[in-house]
Structures are given as structure tokens and as C-alpha cells.
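# Remarks on the overall topology
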Amino acid sequence: MGRGLAIPAQPLALTANRKLDERRQRALTRYYLAAGVGGLAVGVHTTQFAIRDPEIALFEPVLSLTKEEMDRAGREVFRIGGVCGETRHAVAEATLLRSLGYDAGLLSLAALKTADDETLLTHCRAVGEVIPLIGFYLQPAVGGRVLPYAFWRRFFEIESVVAVKIAPFNRYQTLDVIRALAETGREDIALYTGNDDAIVADLVTTYFGRRIVGGLLGHWACWTKSAVELLQTCQAVTDTVPAELLATGVAVTDMNAAIFDTANNFRGCIAGIHYVLQQQGLLEGIWCLDESETLSQGQREEIERVRAAYPHLVQPDDNFIAEHLDDWLR
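Residues numbered from 1 in each chain as written. Predicted model: local features only at pLDDT ≥ 70, side-chain atom pairs only at ≥ 80, totals over all residues. Heavy atoms only, no water.

A word on the overall build of the chain. A tally of helices and strands in the chain yields twelve helices and ten strands. A globule of 330 residues ought to have a C-alpha radius of gyration of about 20 Å, and the chain, at 18 Å, matches this closely. For the chain, the spread of C-alpha atoms along the three principal axes comes to 50 × 50 × 40 Å. Expressed as a percentage of the 330 residues in the chain, the buried residues total 58%. Put simply, of all contacts in the chain between residues at least 6 apart along the chain, 73% involve residues at least 24 apart. Both charge centroids of the chain, one from 31 positive and one from 42 negative side chains, sit 3 Å from each other. (Helix = DSSP H or I, 4+ residues; strand = E, 2+ residues; numbered from the N terminus. Rg over C-alpha atoms; globule rule 2.2 N^0.38 Å. Buried < 20%, exposed > 50% of the residue type's maximum accessible area, 1.4 Å probe, protein only. Contact = heavy atoms within 4.5 Å. Lys, Arg positive; Asp, Glu negative; His and termini not counted. Charge placed at Lys NZ, Arg CZ, Asp CG, Glu CD.)

This structure, assessed with the given rule, holds 19 salt bridges. Measuring nitrogen to oxygen at the nearest pair gives 3.5 Å for the salt bridge that ties E183 to R179. Highlighted residues: E183 and R179, both in helix 6 (residues 171-184), separated by four residues, approximately one helical turn. Under the relative-accessibility criterion, R179 is labelled partly exposed at 29%. Linked by salt bridges that have partners in common, E22, R26, R30, E68, E69 and R72 make up one network. (Salt bridge = Lys/Arg side-chain N within 4 Å of Asp/Glu carboxyl O.)

It is worth spelling out the pairing of strand 3 (residues 78-83) at this point. With six of six residues buried, strand 3 lies mostly within the body of the structure. Burial along strand 3 is two-sided: F78, I80 and G82 facing one way and R79, G81 and V83 facing the other are all buried. Pairing of strand 2 (residues 39-42) with strand 3 involves four bridges; the strand directions are parallel. For G39, the partnering residue across the bridge sits in strand 3 and is F78. Where the polypeptide runs from strand 2 across helix 2 (residues 59-71) and back to strand 3, its parallel neighbour, the crossover connection is right-handed. Bridge analysis of strand 3 against strand 4 (residues 104-107) gives four bridges, and the strand direction is parallel. Residue pairing in the sheet places I80 in a bridge with A104 of strand 4. Each parallel crossover has a hand, and the one from strand 3 via helix 3 (residues 87-99) to strand 4 is right-handed. (Pairing = 2+ DSSP bridges. Right-handed = clockwise from strand over helix to strand, strands pointing away.)

As enumerated under the stated definition, the model contains four cavities of 30 Å³ or more in all. Computed from the structure, the largest cavity encloses a volume of approximately 190 Å³. H45, L138, K165, D196 and F260 are, among the 19 residues lining the largest cavity, the residues nearest its centre. The set of elements that each furnish at least two residues to the lining of the largest cavity consists of strand 5 (133-138), strand 6 (161-167) and helix 10 (269-279). The biggest single contributor to the lining of the largest cavity is helix 10, with three residues. Within the lining of the largest cavity, the residues separate by chemical class into twelve nonpolar, five polar and two charged. Within this model, the second largest cavity holds a volume of roughly 90 Å³. As for the second largest cavity, its lining consists of H219, W220, C222, W223, S226, A227, L230, V252, M255 and L313. (1 Å grid on protein atoms, 1.4 Å probe; cavity = no way out; pocket = protein on both sides within 12 Å on 5 of 7 lines; lining within 4 Å. Points joined across faces, edges and corners; volume = space filled by probe spheres on them. Nonpolar A, V, L, I, M, F, W, Y, C, P; charged D, E, K, R; others polar.)

Looking at the element boundaries, I286 is found in the loop between helix 10 and helix 11 (299-309). In this structure, the C-alpha to C-alpha distance between I286 and V127, residues 159 residues apart in sequence, is 33 Å. Leave out the neighbours within four places in its chain, and I286 touches A271, H274, Y275, Q278, T294 and L295.

On to helix 8 (residues 224-235). Its twelve residues give helix 8 an end-to-end C-alpha distance of 16 Å, which sits within 8% of 16 Å, the value for a rise of 1.5 Å per residue. Turning to helix 8, its buried residues are T224, S226, A227, V228, L230, L231 and C234. (Expected span 1.5 Å × (residues − 1).)

Written as C-alpha cells, this is what we have:
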């Protein structure tokens, strides 16, 4: 991960009766791999946390299916699985990931909302004994919790930590994480942005002598080929940031506001990603496991607005998918 990768947070493909659409789930993975991503994150927020519900039981099937497609890629793909829940459950998920050959666990602490730092760190160490850890600062608006500088300073002392996804959608909290890592002096932990509202700004800025090297983003679950190219452009910046690139950052944030449904406090964020993928033919519908989880009023129109406003960020993927979709669906 240290060299900086484009890593989409993989969505869940469902049929109209809300069962796993294996054919389209495989097509999604094939699209991401063909688009040139360096890794995939599965079983995370964008995949829908409800896949862990015993009555739904899709966590292992989706992990296994995605593993099969990554095995067929013919190149190295960094494999990340989401890890959630109280300690016993999180350790069990980490054990499953390790058995399936995943490289690291993206550790959500959302289930420990009232735990103090010592309890959180004990939890992290227990999971880190099973699989390498990617820390995760998930924004409270979608189920995360505030994690202060003092927590991160001690978290980065855990030997098995290999990276951190910074996704509080908050500049102050983003600085807490990066400053904590910088002050440890560790160079073996990679910084990844999960701030979908500030992707370009995060990728072209030096913070406390450190650079964010890549992105692990729900936003990159669609328009992925353009995202891979954008990351490469940002990584090439060594001094002055071109004004055109800063303008692209504004465009990407505008697009994110539409697909993530910021007007309604992110209520339609997963459905928004699904809508883009449906329009491109990768998904049959925008269905989520929770029937109430769908596009908000006016969100469809907002997505269509940004699709029309930024053809240079949309059309390359539309064309790429149209050219290869039949092969990916086989």
C-alpha cells in the first residue's frame, strides 16, 4: 500500500428481490480490475454492513466471490476486508479474511461508540494479532465516532498497523490523524484519504512532512477509470499544484455531493453510487438490503446534473464500460 493505490470500496449487487446478483457482482469486480485499481475493499460501508446479518449471510459469499476474481486478475491486487463489531466478532471476521488470503482488515470502531481509548486500543490489538490493520476514521454521519489525537497517537504504536483510511469529512480531525502518525516517526504506515469531499486536496497536500499516498473511497466505486487517472495526476505533483487540477478537485467534490446525497445528510449515499452504476449497465437496479435505503427526493436530478456538467470525468468510464460490459457479464 505504501506506493499509493486507487482502492474502491466495493458495492453490493442485488437482484430485484434483494438477493445477491452473483453475475453482476463479478462484473463489478472485473470492471474495477480492468480500470487499473491497485486494490479492492470489500465488506465495508459501501458493501452495506447488513451483509453480516445472520439472516442475510452475505459477508463470506461476497468476500469469496471477489477473491476468485482477484485471483484471476493475473497481477497483484491489494485485498482489504472490512472488520466490524465487538472484539469477539471482529476477531472472527479477521480470521475469515486471513483464511481467504486478504492482506489487511479495515477496522471500524463504530460498534464501540462509548468505549474509552484503552478499551478501543485493546480491541485493536486483539484484531491486529490476527491480520494487518488499516485504521479507519469513519465520519459520524454514517455511523462512525469521534476518535481524538490521543487515540491515534497510541494506535500507530501497534506493530501490525500498515495504513489508515482518514474519512471523518472534517479538516480538524484529518489533521489529528496525520499529526499523530508524523509524531511517531513511523514510515511504514501509509496514509489514505477516505474524505470523499476533499479527494484532490488531500492527495496534493503535504501535511506535517507527510503525503497522503492514495485513496480508499466509496466515491471511486463509480467513474473508476477516471479516478485511477486522477490519482496518478495527483501523485505526479511535487511542487506547485496546477490551477486546472484544483478546479478538477472542485468538480469531483460537486459530483460527490450529488452521489453521496449531502443535502440529506448522506441518506442516499449508497443508492447514489448504485444509480451511476445502473446507468452505465453494471447494476440492474439501485436496490439496497434495507428497502427504505434509496435515492432521496431530488437526488436523481442532482446526479444527472453533474453527469452533464463534467463530461471529461464521466464519459471515459461510460465509453470504457460500454466497450467491455458484455465480456464482464459473462
